[in-house]
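Topology and contacts: notes
Take a look at the letters that make up each chain.
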Amino acid sequence: MTCQKGIAMILEELKKIKSFGSNMESSVKPEDIADKEAELEFTLPQALKELYLTFHPDDPAFSGKGNLIPFEELKTYKRICWTDTVITILPFCRHERYGYGFEVSQQHKSKDTISNHDPEDPQMWGLYISPETRREEKHLEGHGVPCNPSNLSRWIVEWMGYQQTLAQPSVAAVNRDKTENYWKRMRELPLNDFYHISLEQLSSVRTNFDVNYVEEPFRLLCGNIHYSGTAYFGSRTDKELELFMKQMGFKYVWIKSQDGHPIFNSAPPRPPQARELKSITPVLQFLCEFAGIEGKGAKEESIHRAEVRLGNPLPQPMAEFYRCLPSRFYCSYNVVRPLSSLRRTKDGKLNFLEENQAVYHWAAEFNSPFLYRRANDGVAGWSAYGILDGFLAAEFLWALACDEELDLIFWEFSDFEPAMLDEGGKLHPYLSPIAGITDQIAEDNTRTLYQAMDGQAVGLYDSEECTFWFVTKNESVQERLEALFDI
């Protein structure tokens, strides 16, 4: 990153990022910039000019989420922040209704003043550019992932590096959270970064995207959004990626392949089929006994009050879930909404669960067996994701297994392959359904529960992540299982 006379200059960084992708030339000319500045009645930041002079909005780098708004369509939006401040923002990146842009000015109502703290390299914000509700019209969603407080120049370079990573012809994904010493292994490589942050600034700077590149022995990009546990590696060929993954010892899945490798989640999951819900009380009681808790959750009068207020009985598995899960486990991993806080959304859904990193929400629907999920990105809608009974049974185990006070041993089965669960497979002889039904309630769900070792261990298979976990009461049971499977 270079600066000249205090103005943020990122042209060299953008050219380097562009060199990893298409040679499509920008259609924006200096005279177009002059015309736009006259229309807007202010000077555009140098970093934004360089972005548009380097990249065309139809560049393959913008083929995923986060499209570059065509230069001729740039316009400002006013949004209210903290009730007394009107912020003028010019967004240049959007995905559906949401966009990211830089701050043009702030008008403070109480002081009746207008200010712009850094017109040369302004602050970034996120906002709804096509709001659908009064709240979206009035309030910003800025300073949230992936828009941690950042200046325009750094945000553009980080974002473009990430976009270019996903645009590579071959892309593989690695789960950083499940990879031992991931960052240590990466630091052993001759990695380069597009935006350099000095050691003196590292403690005070929060980055949104982490993007690195390798030049030798082949060109490769690695990018990730910091709130996500997934790192993406992009290259021009599958062979280069395969060699790199072998060198690093990473377990990975293909996101894009030129040589016909199976693509992870290449097609949307099969929509669940409606079926009759089953009672999961026997499963939940088994799990309570396994964990050594009494299983006293919500009282009947609390469930009744919630149902009266909502105007409908809760779906049977949901009522059983609240009846058996003590409230102390509501936040042990994912966040369960208390009965007293259950509300219908405008589209009639019952939003009852939030993922621990606030990436997803889950909801039920009255008089329906379906579980619904939506991304917490301000633009995604609800989609049918499974069936309530099997999902809630697995979520119950997850809440108990992640509670630190129970001292349960929760561990991932190494080198797992789905074929191990089939008849004749390595795990199949040692697993059985819990209460005789967990194989049935797994229908149209991504997770399946098992018991093992005469009920001393519980297994959890996640078909979406292709991962199998064991939960055991103590280390001796874990050691016996590990010896059994020669781990």
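Residues numbered from 1 in each chain as written. Predicted model: local features only at pLDDT ≥ 70, side-chain atom pairs only at ≥ 80, totals over all residues. Heavy atoms only, no water.

This paragraph deals with the overall build of the chain. Counting its regular elements, the chain contains 13 helices and 23 strands. Computed over C-alpha atoms, the radius of gyration of the chain comes to 26 Å, within 12% of the 23 Å expected from 2.2 N^0.38 for 487 residues, which places it in the range of a compact globule. Partitioning the intrachain contacts of the chain with sequence separation of at least 6 by distance along the chain shows that 60% fall at a separation of at least 24. Surface summary for the chain: the accessible area is close to 24000 Å², and the carbon and sulfur share equals 48%. Positive and negative side-chain charges in the chain, numbering 51 and 72 respectively, have mean positions lying 4 Å apart. (Helix = DSSP H or I, 4+ residues; strand = E, 2+ residues; numbered from the N terminus. Rg over C-alpha atoms; globule rule 2.2 N^0.38 Å. Contact = heavy atoms within 4.5 Å. Areas by Shrake-Rupley, 256 points an atom, 1.4 Å probe, with all protein chains shown as cover. Lys, Arg positive; Asp, Glu negative; His and termini not counted. Charge placed at Lys NZ, Arg CZ, Asp CG, Glu CD.)

Attention now goes to unusual backbone geometry. Of note, the amide linkage connecting E216 to P217 takes the cis form, showing an omega dihedral of 5°. Summarising the element assignment, P217 is placed in the loop between β11 (209-214) and β12 (220-225). Phi is positive for D415, which is not a glycine, with a value near 55°. The residue D415 is located in the loop between β20 (409-412) and β21 (447-452) in this model. Take D415: its relative accessible area is 65%, and that puts it in the exposed class. At M453, a residue that is not glycine, the phi angle is positive and equals roughly 55°. (Buried < 20%, exposed > 50% of the residue type's maximum accessible area, 1.4 Å probe, protein only.)

Within the open sheet, the 4 strands sit side by side as β20-β23-β22-β21. Their pairing is antiparallel. Among the strands making up the open sheet, the edge pair consists of β20 and β21. If you compare each strand with its neighbour and ignore which way they point, the axes differ by 20° on average. Contacts from helix α9 (residues 281-291) reach β21, β22 (457-462) and β23 (467-472), with the element oriented near 125° to β22. (Pairing = 2+ DSSP bridges. Axes fitted to C-alpha atoms, helices over the stretch in contact; angles between N-to-C directions.)

Summarising the element assignment, Y450 is placed in strand β21. Residue class for Y450 comes out buried when judged on its relative accessible area of 18%. On a C-alpha basis, the gap between Y450 and Y430 in space is 9.4 Å, while along the polypeptide they are 20 residues apart. Other than its neighbours up to four places away in sequence, Y450 contacts L421, L431, S432, I434, A457, V458, G459, Y461 and F468.

Bringing α9 into the picture now. Among the 11 residues of α9, 8 are classified as buried, and the element is accordingly described as predominantly covered. Regarding α9, the residues found buried are T281, V283, L284, F286, L287, C288, F290 and A291. Taken together, the buried residues of α9 touch α11 (316-324), α12 (388-401), β21, β22 and β23.

Averaged over every residue, the pLDDT of the chain is 88; the share at 70 or more is 91%. Low pLDDT, under 50, characterises residues 1-6; the stretch is placed with 13 contacts to residues that sit more than four places away or in other chains. (pLDDT = per-residue confidence, 0-100.)

Let us now look at the side chain of E50. As for its placement among the helices and strands, E50 is situated in helix α3 (residues 46-54). Buried charge without a salt bridge: E50, with K49 as the nearest opposite-charge side chain at an N-O distance of 9.0 Å. Engagement of the side chain of E50 in a polar contact is seen with the backbone nitrogen of L11, the distance being 2.9 Å. (Salt bridge = Lys/Arg side-chain N within 4 Å of Asp/Glu carboxyl O. Polar contact = N/O pair within 3.5 Å; in protein donor to acceptor, adjacent residues only side chain to side chain.)

Further remarks concern the environment of S150. Counting through the fold element by element, S150 comes out in the loop between α4 (134-138) and α5 (152-166). A C-alpha to C-alpha distance of 34 Å links S150 and I263, two positions 113 residues apart in sequence. In this view, S150 contacts P122, Q123, M124, W155 and N208; residues no more than four positions away in its chain are not counted.

Turning next to the sheet that holds β11. A sheet is described by the order of its strands in space; here 6 strands give the open sequence β10-β11-β12-β13-β9-β14, paired in antiparallel fashion. One side of each edge strand has no neighbouring strand; the edge strands of this open sheet are β10 (192-193) and β14 (253-256). Strand direction decides the pairing type here: strand β9 (residues 170-175) and strand β13 (residues 230-235), joined by 6 bridges, are antiparallel. From the neighbouring strand, A172 faces β13, where its bridge partner is F233.

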